[in-house]
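Take a look at the letters that make up each chain.
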Amino acid sequence: MIQTLSSAEVAERYAAFGLALDAGDEILKREAIELALASGDDPLAIRAFDEARALEDSDILSTAFDLAFGSTSAAWKSRAVDLAFASDDPALKSKAIELVAASRNEQLIARLPRISQWAERVVEFSSEWEDSSKYVVGAPQGIQPGDPCENGHYWYSSKQDGSQEFIRVGFGKPVRFPEIFVHEGGTHENAAGHVRKLILWDPDGKGTEYPVSDSLKGCPGAAEFDFRQHPGAVEHVTVVIDLDHVRGHWEAVEAVRLVGTPAE
């Protein structure tokens, strides 16, 4: 049976906590913080959590974060995640990431700091036309005079039709909870929309394959793929394209952008 405190009892509890904090006795203050953290009273525990941070006591602080991360209070848990990433403690940041990864909570994922990166290197490809893979590195170079869908700054495979081709690119920092943006082009006004599969590679070289639905229309354009529920870190991405998307023309990739929370 859940015990419900009266308003008077709640007031007494808060008053007692305040008196303990103001008493000037460090031992009493620590005991009061520990009791408040474990009280099950979320507002009181959140206040105690802030006091624990001010103490700069690593043991109490670790307990405070553990209790916050395990709390059913969304407000307390969100505050703990924010503060963990604002700290200079890599272990605490890692613990916050693991908490969010285990929860798969979109609201918590949205509170994490995120970075955006363009591909820094080409790792491998199925084929290329005239050394064109180099154009996938970095940001799109912009539309050139003439047909905007055939500006020359794309990776083209050596084939025109009849198969699926791929290019694998690497990024500077591994990230968690990724979103991937593939900038597409080709030699036809409807060439975009040709991505059929993405493979997400972790820092240890393990790949996870995802068939995707590319609804992009027209050309050029950027297709967005949301993998924030992907369980691990991502360092490389393989983009697989369909050469039969527009037969008699070439499909191409201009750039790949990876957005996510730093994994380290």
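Higher on the page you've got the structure.
Read on for an overview of the structure. (Residues numbered from 1 in each chain as written. Predicted model: local features only at pLDDT ≥ 70, side-chain atom pairs only at ≥ 80, totals over all residues. Heavy atoms only, no water.)

1. Digging into the layout of surface pockets
Approximately 260 Å³ is the volume attributed to the largest pocket. Contributing to the lining of the largest pocket are Arg53, Ser58, Leu61, Ser62, Phe65, Leu83, Ala86, Ser87, Asp89, Ala91, Leu92 and Lys95. Residue assignment for the lining of the largest pocket shows that the elements contributing at least two residues are helix H4 (58-70), helix H5 (74-86) and helix H6 (90-103). For the lining of the largest pocket, the element with the highest residue contribution is H4, accounting for 4 residues. Broken down by class, the residue content of the lining of the largest pocket amounts to 6 nonpolar, 3 polar and 3 charged. (1 Å grid on protein atoms, 1.4 Å probe; cavity = no way out; pocket = protein on both sides within 12 Å on 5 of 7 lines; lining within 4 Å. Points joined across faces, edges and corners; volume = space filled by probe spheres on them. Helix = DSSP H or I, 4+ residues; strand = E, 2+ residues; numbered from the N terminus. Nonpolar A, V, L, I, M, F, W, Y, C, P; charged D, E, K, R; others polar.)

2. Here's the deal with unusual backbone geometry
Unlike most non-glycine residues, Glu130 shows phi in positive territory, near 50°. You can see Glu130 is positioned in the loop between strand E2 (121-125) and strand E3 (155-156). The exposed category is assigned to Glu130, whose relative accessible area is 62%. We note that Asp131 has phi near 60°; this positive angle belongs to a residue other than glycine. (Buried < 20%, exposed > 50% of the residue type's maximum accessible area, 1.4 Å probe, protein only.)

3. Focus on the environment of Gly162
Residue position: Gly162 is located in the loop between E3 and strand E4 (164-186). Sequence separation between Gly162 and Glu235 is 73 residues; the distance between their C-alpha atoms is 30 Å. Those residues in contact with Gly162 that sit more than four places away from it in its chain are Leu243, Asp244 and Arg247. (Contact = heavy atoms within 4.5 Å.)

4. Observations concerning the nonpolar core
Of all hydrophobic cores here, the largest spans 35 residues; its most connected members are Phe17, Ile33, Phe49, Phe65, Phe69 and Val81. Where this core is concerned, the elements lending two or more residues are helix H1 (7-22), helix H2 (26-37), helix H3 (42-55), H4, H5, H6 and helix H7 (106-111). Setting aside anything within four residues of it in sequence, one finds Ile33 in contact with Phe17, Leu21, Ala48, Glu51, Ala52, Leu55 and Ile60. Within the second largest apolar cluster, 29 residues are counted, among which are Ala119, Cys149, Leu198 and Leu200. (Core = buried A, V, L, I, M, F, W, Y, C linked by side-chain atoms within 4.5 Å.)

5. Re the side chain of Glu251
If you trace the backbone, Glu251 turns up in strand E9 (residues 251-262). Salt bridges are absent for the buried Glu251, whose nearest opposite-charge side chain, Arg196, sits at 7.6 Å. A distance of 2.8 Å separates a polar side-chain atom of Glu251 from the backbone nitrogen of Val246. (Lys, Arg positive; Asp, Glu negative; His and termini not counted. Salt bridge = Lys/Arg side-chain N within 4 Å of Asp/Glu carboxyl O. Polar contact = N/O pair within 3.5 Å; in protein donor to acceptor, adjacent residues only side chain to side chain.)

6. Quick look at the environment of Arg196
The residue Arg196 is located in strand E5 (residues 195-201) in this model. Ignoring any residue separated from it by four or fewer positions in sequence, one finds Arg196 in contact with Gln164, Tyr210, Pro211, Val212, Asp214, Val240, Asp242 and His245. A polar contact is formed between the side chain of Arg196 and the backbone oxygen of Gly193, at a distance of 2.8 Å.

7. Topic: the packing of aromatic side chains
On inspection of all chains with the given rule, the structure shows 4 aromatic pairs. Ring centres of Trp129 and Tyr156 lie 6.2 Å apart, and the angle between their planes is 85°; on these two criteria the pair is classed as edge-to-face. Linking Trp129 in the loop between E2 and E3 with Tyr156 in strand E3, this pair joins segments that are 27 residues apart in sequence. Judged by its relative accessible area of 44%, Trp129 is partly exposed. Their ring planes at 70° and their centres at 6.0 Å tell us that Tyr154 and Tyr156 sit as a pair that is edge-to-face. Comparing Tyr154 with Tyr156, the two get one shared label, buried. Three or more aromatic residues link up through ring pairs in this structure, and these residues are Trp129, Tyr154 and Tyr156. Its guanidinium or amino end placed over the ring of Trp118, Arg257 lies 5.8 Å from that ring's centre, counting from NZ or CZ. (Phe/Tyr/Trp six-rings, centres within 6.5 Å; stacked < 30°, edge-to-face > 60°. Lys NZ or Arg CZ within 6 Å of the ring centre and 35° of its normal.)

8. Considerations on the side chain of Thr261
Tracing the chain through its elements places Thr261 in strand E9. Look at Thr261 and you get buried, because its relative accessible area is 0%. Excluding anything up to four places from it in sequence, Thr261 contacts Phe85, Ile97, Leu112, Pro113, Arg114, Pro174, Val175, Arg176 and Phe177.

9. Thoughts on H4
Counted at 1.5 Å a residue, the expected span for H4 with its 13 residues is 18 Å, and the 18 Å between its end C-alpha atoms agrees. When we look at burial in H4, the residues that qualify are Ile60, Ala64, Phe65, Ala68 and Phe69. Summarising the axial view, the buried residues of H4 lie within an arc of 165°, below the 170-degree limit, and thus occupy one face. Turned more than 90 degrees off the buried face of H4, the exposed positions are Asp59 and Gly70. (Expected span 1.5 Å × (residues − 1). Arc of directions from axis to C-beta.)

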